[in-house]
Every structure is written in C-alpha cells, then in structure tokens.
Amino acid sequence: MRKLLDGLYDGAAWLGAIFMVGTLVSVLAGVLDRQFAWSLRGTDMYAGYCMAACGFLALAHTLKKGEHIRVTLILNAVKGPTKRAIELWALAAASLLSMLFAYYSVKLSINSWQFNDVSTGNDATPLWIPQITMGVGAVVLMIAFIDELVLEIMGRRVQVDSDEALHHE
C-alpha cells in the first residue's frame, strides 16, 4: 500500500511538472504570436490553466516531502504527549478541510460540465476540462493528509525536516 500511495503522490507531481512545461509553451506561443501575428487564440488562458494544474497537482507531493509552510513555534516548545496531541489535532483538521476542498472541487467540475460552462476568454474552453486538474489535485492532497493522520495514529509517521531554515527570501 505504501508503494502505491508514494507512486500516486509522485505521479501527480510528475503530471504537475508536465503542466509546468505546458505553461512555458503557452507563454512562449503567446510571445511568438504577438511578434509574428499568428492569431493564436487563448494562449494566456491556457498558460493560466496549466499554472493552476501544476500547483494543484503538486500539493500532495509537497506535503509528503515536508515542504508545506508550517508554523512550528508551538510544536517546538512542547514535547511528548502534548506534541503528539497537537499533531493529531492539526492532521485531523487538515484532513477534514482537505475532504471539503476535494468534494467542492470535484463538484465544481461536475457542475461546469452539466451547465456547459465555457471560459469568458476568446478561447471558449469548456471550464470542466481545466477544473479537473484542480479536483484531482485536491483529492490526492486529501489522500495524503489522511495518510499522514493514519501514520501518526499508528506511530509510524516520519517527520520530514525540510531545509526551511536555509530559505532566506
């Protein structure tokens, strides 16, 4: 099961990386279109769709690698059972919120498909197509949070220490 879940997170991240390349291609196509007047329609919209897909599909992988922003001020001050209780509460709350997020993301895609919603841009793309990536990313993130919660309950969660202290932006 662990291998399957890790494959799911990695697969979503790779798909997000492909959409990142799609963002680059769309932006370059838009630049070339303006330079050579090719009349390509919707390159800006497609760049936005790809960027959103990239972000949503990478959420679970980022969580599992310990790269999500966490406020650890309280966690660093407590030890033992109190720390574990706070971790369990935080993971349970995050799991619940990610379930709601996943539900409404998928519902949004279904509603857009049922109502034949199209983009207001000049590309007139059916909106359910780019919204699918948001729903998939939200569902994979939900699975990742539940996975983390179950691992914490079982006492097998490995706390990934990111190099957060090295980031000076």
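Structural data are supplied above this passage.
For clarity, every value in this text was computed on a predicted model and none was experimentally measured.

**A closer look at the packing of helix H1 (residues 2-36) against helix H2 (residues 43-57)**
Each pair of packed helices can be described by the angle between their axes along with the distance between the axes.
In step 1: For the pair H1 and H2, the least separation of the axes is 8 Å and the interaxial angle reads 160°. As far as their axial angle goes, H2 and H1 are roughly antiparallel. The chirality of how H1 crosses H2 is left-handed.
In step 2: Residues of the contact of H1 with H2, tallied by class, amount to 14 nonpolar, six polar and two charged.

**Quick look at the side chain of Asp 123**
In step 1: Examined against the element boundaries, Asp 123 turns out to sit in the loop between helix H5 (80-114) and helix H6 (128-154).
In step 2: Arg 41 is the oppositely charged side chain nearest to the buried, salt-bridge-free Asp 123, at an N-O distance of 7.0 Å.
In step 3: A distance of 3.3 Å separates polar atoms of two side chains, one belonging to Asp 123 and the other to Tyr 49.
In step 4: A polar side-chain atom of Asp 123 sits 2.6 Å from a polar atom in the side chain of Thr 125.
In step 5: Leave out the neighbours within four places in its chain, and Asp 123 touches Arg 41, Gly 42, Met 45, Tyr 46 and Tyr 49.

**Considerations on H5**
In step 1: Taking 1.5 Å of rise per residue, 35 residues should cover 51 Å, and H5 covers 51 Å from first to last C-alpha, within 8% of that figure.
In step 2: Along H5, the positions that sit buried rather than exposed are Glu 87, Leu 91, Ala 94, Ser 95, Ser 98, Ala 102, Ser 105, Ser 109 and Ser 112.
In step 3: The elements touched by buried residues of H5 are helix H4 (73-77) and H6.
In step 4: At the C-terminal side of H5, Asn 116 shows a positive phi close to 55°.

**Re the nonpolar core**
In step 1: Formed by Leu 5, Tyr 9, Ala 12, Ala 60, Leu 63, Leu 91, Ala 94, Val 140, Leu 141, Ala 144, Phe 145 and Leu 149, the largest nonpolar core amounts to 12 residues.
In step 2: Mapped by element, the contributors of at least two residues to this core are H1, helix H3 (59-64), H5 and H6.
In step 3: For this core, the element with the most residues is H6, which contributes five residues.

Rules used in this analysis
Residues numbered from 1 in each chain as written. Predicted model: local features only at pLDDT ≥ 70, side-chain atom pairs only at ≥ 80, totals over all residues. Heavy atoms only, no water. Axes fitted to C-alpha atoms, helices over the stretch in contact; angles between N-to-C directions. Helix = DSSP H or I, 4+ residues; strand = E, 2+ residues; numbered from the N terminus. Parallel < 35°, antiparallel > 145°, perpendicular 65-115°, else oblique. Left-handed = near helix turned anticlockwise from the far one by under 90°. Nonpolar A, V, L, I, M, F, W, Y, C, P; charged D, E, K, R; others polar. Buried < 20%, exposed > 50% of the residue type's maximum accessible area, 1.4 Å probe, protein only. Lys, Arg positive; Asp, Glu negative; His and termini not counted. Salt bridge = Lys/Arg side-chain N within 4 Å of Asp/Glu carboxyl O. Polar contact = N/O pair within 3.5 Å; in protein donor to acceptor, adjacent residues only side chain to side chain. Contact = heavy atoms within 4.5 Å. Expected span 1.5 Å × (residues − 1). Core = buried A, V, L, I, M, F, W, Y, C linked by side-chain atoms within 4.5 Å.

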